[in-house]
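Spelled out from the first residue to the last, the chains are:
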Amino acid sequence: MKLLILGCFLGSILASSASTKGPIVEVAPSTEQLELNKREVDTSYFLPRNKTIPYHYFIHLTSHVQNNDPVFKGTVDIYFEVAEPTQDIVMHLQELTIESTELSRIPIGMGVPDFIDNPQYSVDTKTELVTFTSQSELTAGKYILHVAYTGTMRRYQSGFFISSYRDESNKVHYVGSSHFQATLARRVFPCFDEPDLKATFKLWITHHGSYNAVSNTYVDSINPDTDNAEYRVTQFKTTPVMSTYLLAFAVTNFVAKTEDAQQVMVRPDALGQVDVTLTAGAKIIAALDDHTGVLYHDYMDKLTHIAIPDRGTGAMENWGLVTYGEPAVLFDPAVNSYRTHKRVITVVAHELAHQWFGNLVSPRWWEYIWLNEGFATLYEYYATTLAYPELDYWELFNVEVIQRALGQDAVESTRAMNTPAASQDEVHALFDIIAYQKSGSVLNMFRTILGDENWKRALNIYIEGSKLDSATPDDLYDAVEEAIKGKDVIPNSYTVKQLMESWTNAAGYPVLNIRRNYKSGEIVMSQEQFLTNKWLPNDHVWDIPYNYVDRNIREAADESNYQWLTSKAGVLKTETANNQWIIFNREQFGYYRVNYDRQNWELIIETLLTNPLAIHRANRAQLIDDAFNLARSERLDMSIALKLLSYLRLETEYAPWAAANNALNYFYSKLQGTVHYQGFVNFVSEMVSNVYKTLEVDKVSSEESTLHKYLKQTITNWACRVGHQDCLDKTYDALREEFSNGVVVHPDVASVVYCHGLREGTYQELSYLVPKMASSINQAHRTELITALGCTKDTQSVTSLLTIIHLPTVNYLSTEKSQIVDAIVAGTSSEGLAVLVQSIMTVNGARTLMSAIGEGSFRTMLLNIASRSNSDIEQQRMQQVLTALAELIPKETVDDALGRMKANVDWFNSLEGLVAVEFFDNYYSNAIPA
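Residues numbered from 1 in each chain as written. Predicted model: local features only at pLDDT ≥ 70, side-chain atom pairs only at ≥ 80, totals over all residues. Heavy atoms only, no water.

This structure, assessed with the given rule, holds two disulfides. Here Cys720 is linked by a disulfide to Cys727, with a sulfur-sulfur distance of 1.9 Å. Where Cys720 bonds to Cys727 through sulfur, the torsion about that S-S bond is close to -95°, and the disulfide is left-handed. As far as burial versus exposure is concerned, Cys720 and Cys727 are alike and both buried. A disulfide bridge connects Cys755 with Cys791, and the sulfur atoms are separated by 2.0 Å. The sign of the S-S torsion, about -95°, decides the handedness of the disulfide formed by Cys755 and Cys791: left-handed. (Disulfide = S-S within 2.5 Å. Buried < 20%, exposed > 50% of the residue type's maximum accessible area, 1.4 Å probe, protein only.)

Below, the structure written as structure tokens:
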């Protein structure tokens, strides 16, 4: 059965522009209009809600994972209530083999359950619903359904899965762990696998005596298995009320380091790499306890972090047992950089934020997954700042979260934060940049507007009102409304729900257009949806909070002076002089872009070229990102965006350079390998030259801040990439010093030193780094070395890399072979790419590589090579490959690759390409060599 779900979102709100504090003149009277976003949802995937409701599970699993045996046995006793008479008990199940069933009724007042029958069952493999049918009608009351079954562990992160690691003696050990989000608990036990159907869980695991078991709660008891003396049974305490996707367990031979009620579990040879996580966990829990006013340990008795080998780089917030890929939880200061340190701390913060946002309060349905992931993304940075203010990680939020989201949320196919979903594929597709970065950005926008104290009060009301239960966005809106009652925070005629739904129920985001009248001081503001490659009519009105800054305001204004544009257009009166710039969206607190009339852009650029510090670094980053993307969408002359970039020769802060890095990488991808590349090289050389002189390429001082390290890596990477001889000499010398004399490169500069040192090196240097990678027991370190290997332009070295992919003596993790190929494709060397292309010029060569990295990775490699093919010779080689492999790869891949190469050629005849080429060629004709 199908039903049209009407997801209401604020449509063309043509009410007057509103402000609580500043003067605003409305353009014309208007009326509010609701637009209904119709989305067809197949309700056959949903559990019936009027019949049976679970409240407890007894689960017993038996695993032989130590033998690499994927088969597990299970029994589950599901305690549930019948609300209306029924014969059918419907729940979820996937790929489990049921061996027996037994249904009993729990007498009123408890006592021994009364046996009813052995229900028959049927499974719908599409919806993954299993229906257990009793011969008797079940009247209102409490029941127990017992199911015995067997299942199979996966070799990838899904349900109960197997992974492995090698110890110091090269022995392979197999371990088992779980991952249930979003719809995967049903792969391990029959259950009501929807997030609001919460219950308590009691778990037993039978496992080999040499292994241990861990779960959400503390161990209750460990006893010998009565059926097998080599095994034991670990019983865990009952969990709090929680969603099925949060149940977690692992069966391993790991060891643990424990402090108070927190521990980190790892393979034995990684125990020395857990201190950062252990400390971060304690500090962040304490910070969030204080920030939310709700204490973690009031609801969960312990917190375990467990590092699963070869799991990838992500993590999962299971309540009391957070699971991580090793790069997200292990830090070794001898080999890991400041970036790994930041990643470990912020991933821990993200997962621990979920203990409140997701675990204690879960989304009513996956449509509202942003209530989990948006908060976790925000607190990934904000909670870290509360716990580690000295690390300045909050400075990264704009460039890593807001600007990233703005970049990907500007396509016609984007979705709203609230998006209905039913099937498993639809649900899993919701875990995207909209749920994470966009939602985190929108939440941060409202946090900034409300102020910290109001925000904290709202969070406390939200959590206390929905704890151990599920929530919808309305619960959040109501909590915010209560927290700001009687305060002058939002427009008087609006509710929090109205304002927030203009963002949560609408796809995409706006560009705020600013057109100044330089005689009267008035500004005409208007809004429209921003799309990267087209202009489309859109009646939706975002309720846009804004503030602005000019030279005088920068020195004196109250940063909390927010106003609102709640119509398509409005007029604002300002006191800004006609020869002064004005900038909206102060420090980029808001989730939107801003475009100006040409004269204001010129005033901004004039200031940047003479005194960039007059504009806040966050706004300098915003101006770069906005101007580049506005120009790409043809809303701004590309010459303006490029002229703005020219101020970078005076820039010494990381945030603006991070924004510029995206723009420069775009032009690099278009121009490398072409006759116009030298102009780009000279432009970048000039931009980095001043700040480069202040940096030590190959050394790290103890006084360097985190942001300085980010800046140094960005600048030195560009300097070396465009052939700055001092940079190339220093990186090569540092690599040779480590290779020849054992003077180890500092981890914080290793990525640049290894990459560009190897670029200037020979097979000797490569033959040193490959064993270094293969012998490393730290996955993040291995990945950094693999990335560096792809930088070599020595053809013998590239040939060797493609050969060692197939060597069984190298202990690769599951994705590392494809990572080596990806590194060659993404590396700075056209010579290396040519060797790779030549190796797949025949079907046999292609099959050999495909067998090593997999068909999916092989197709992705072809598309990435096509995207990099700019010159005539590169395009000819790729055409030959596609022709030779026509029978080996799908036509869709061939067509996609051809389309990408054509787009590379066509770009030079586009307005954007013509303007960019003229700009960079002018730098080429006048440049002084670096």
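Next comes the rest of the account.
General note: in soluble globular proteins, nonpolar side chains tend to be found buried as a group. Among the nonpolar cores identified, the biggest contains 245 residues, and Phe189, Tyr379, Phe584 and Phe667 are the most heavily contacted of them. Here this core takes twelve residues from helix H14 (residues 654-671), the largest share from any one element. (Core = buried A, V, L, I, M, F, W, Y, C linked by side-chain atoms within 4.5 Å. Helix = DSSP H or I, 4+ residues; strand = E, 2+ residues; numbered from the N terminus.)

Taking 1.5 Å as the rise per residue, helix H1 (residues 275-292) with 18 residues should run 26 Å; its terminal C-alpha atoms sit 26 Å apart, in good agreement. All of the buried residues along H1 are Val276, Thr277, Leu278, Ala280, Gly281, Ile284, Ile285, Ala287, Leu288, Asp289, His291 and Thr292. Looking at the buried side of H1, the elements it contacts are strand S19 (255-259), strand S20 (262-266), strand S21 (303-308), helix H2 (338-353), helix H3 (370-387) and helix H7 (452-466). Directly beyond the C-terminal end of H1, a positive phi value near 75° is found at Gly293. (Expected span 1.5 Å × (residues − 1). Contact = heavy atoms within 4.5 Å.)

Contact geometry for H1 and H3: axes closest at 9 Å, N-to-C directions at 100°. With respect to H3, the axis of H1 lies roughly perpendicular. The residues of H3 that touch H1, namely those facing Lys283, Ile284, Ala287, Leu288 and His291, are Tyr379, Tyr382, Ala383, Leu386 and Ala387. (Axes fitted to C-alpha atoms, helices over the stretch in contact; angles between N-to-C directions. Parallel < 35°, antiparallel > 145°, perpendicular 65-115°, else oblique.)

We now examine the sheet that holds strand S5 (residues 71-82). The eight strands are arranged S8-S7-S11-S5-S4-S14-S17-S16 in an open sheet whose pairing can be described as mixed. Of all the strands in the sheet, the pair left with one neighbour each is strand S8 (114-117) and strand S16 (219-225). Direction aside, the axes of adjacent strands within the sheet are offset by 20° on average. Alignment of S5 against strand S11 (residues 141-152), held across twelve bridges, turns out to be antiparallel. (Pairing = 2+ DSSP bridges.)

Let's shift gears to the pairing of strand S9 (residues 120-124). Two elements, S9 and strand S10 (residues 129-138), share five bridges in a ladder whose sense is antiparallel. Each bridged residue has a counterpart across the sheet, and for Tyr121 the counterpart in S10 is Phe132.

Averaged over all residues, the pLDDT of the chain is 92; the fraction at 70 or higher stands at 94%. Confidence drops under pLDDT 50 across residues 1-38; counting only partners more than four residues distant or on other chains, this segment forms 118 contacts. The model gives residues 925-930 a pLDDT under 50, and that stretch makes five contacts with residues more than four places away or in other chains. (pLDDT = per-residue confidence, 0-100.)

Before going further, it helps to examine unusual backbone geometry. Along the chain, Gln181 connects to Ala182 via a cis peptide bond; the corresponding omega equals 5°. For Ala182, the location among the structural elements is in the loop between strand S13 (172-179) and strand S14 (200-208). In the Ramachandran plot, Asp310 falls in the positive-phi region, its phi being about 55° despite a non-glycine side chain. For Glu634, which is not glycine, the phi torsion reads 65° and is therefore positive. Here Glu634 shows up in the loop between helix H12 (617-632) and helix H13 (638-645). Glu634 gets classed as exposed once you look at its relative accessible area, which sits at 59%.

A separate point is the packing of aromatic side chains. Taken as a whole and assessed by the stated rule, the structure comprises 49 aromatic pairs. Taking 5.6 Å as the distance between ring centres and 35° as the angle between the ring planes, the aromatic pair formed by Phe58 and Trp204 counts as tilted. With Phe58 in strand S4 (residues 52-63) and Trp204 in strand S14, this pair connects stretches of sequence that are 146 residues apart. For Phe58, a relative accessible area of 25% puts it in the partly exposed group. Here the basic side chain of Lys202 rests over the ring of Trp204, its NZ or CZ set 5.9 Å away from the ring centre. Lying over the aromatic face of Tyr388, Lys283 brings its terminal NZ or CZ to 4.2 Å of the ring centre. (Phe/Tyr/Trp six-rings, centres within 6.5 Å; stacked < 30°, edge-to-face > 60°. Lys NZ or Arg CZ within 6 Å of the ring centre and 35° of its normal.)

A word on the sheet that holds S20. Pairing within the open sheet is mixed, and its five strands lie in the order S19-S20-S21-S23-S22. Both edges of this open sheet fall to S19 and strand S22 (315-316), since each of them pairs with a single strand only. In terms of strand pairing, S19 meets S20 through five bridges, oriented antiparallel. Residue Glu259 lies in a different strand from S20, and its bridge partner there is Gln262. Contacting S19, S20 and S21, H1 crosses the sheet at an angle of about 150° to S20.

Another point: the packing of H14 against helix H16 (residues 706-721). The geometry of a pair of packed helices is captured by two quantities: the angle between their axes and the separation between those axes. For the pair H14 and H16, the least separation of the axes is 10 Å and the interaxial angle reads 25°. The orientation of H14 relative to H16 falls into the category roughly parallel. By crossing handedness, the relation of H14 to H16 is classed as left-handed. Contact residues: H14 offers Tyr654, Trp657, Asn661, Leu664, Asn665 and Tyr668, while H16 offers Leu707, Tyr710, Leu711, Thr714, Ile715, Trp718 and Arg721. Of the residues belonging to the contact of H14 with H16, the class tally is nine nonpolar, three polar and one charged. (Left-handed = near helix turned anticlockwise from the far one by under 90°. Nonpolar A, V, L, I, M, F, W, Y, C, P; charged D, E, K, R; others polar.)

Another point: the UniProt feature "domain: Aminopeptidase N-like N-terminal" (unreviewed entry) in the chain. Those residues carrying the UniProt feature "domain: Aminopeptidase N-like N-terminal" (unreviewed entry) are residues 54-246 in this numbering. The annotated region residues 54-246 carries 0% helix and 60% strand content, and the separation between its end C-alpha atoms amounts to 15 Å. (UniProt positions renumbered as here; feature names shortened; annotations may be inferred.)

Note that Ser439 resides in helix H6 (residues 434-450). A polar atom in the side chain of Ser439 sits 3.4 Å from the backbone oxygen of Ala435. (Polar contact = N/O pair within 3.5 Å; in protein donor to acceptor, adjacent residues only side chain to side chain.)

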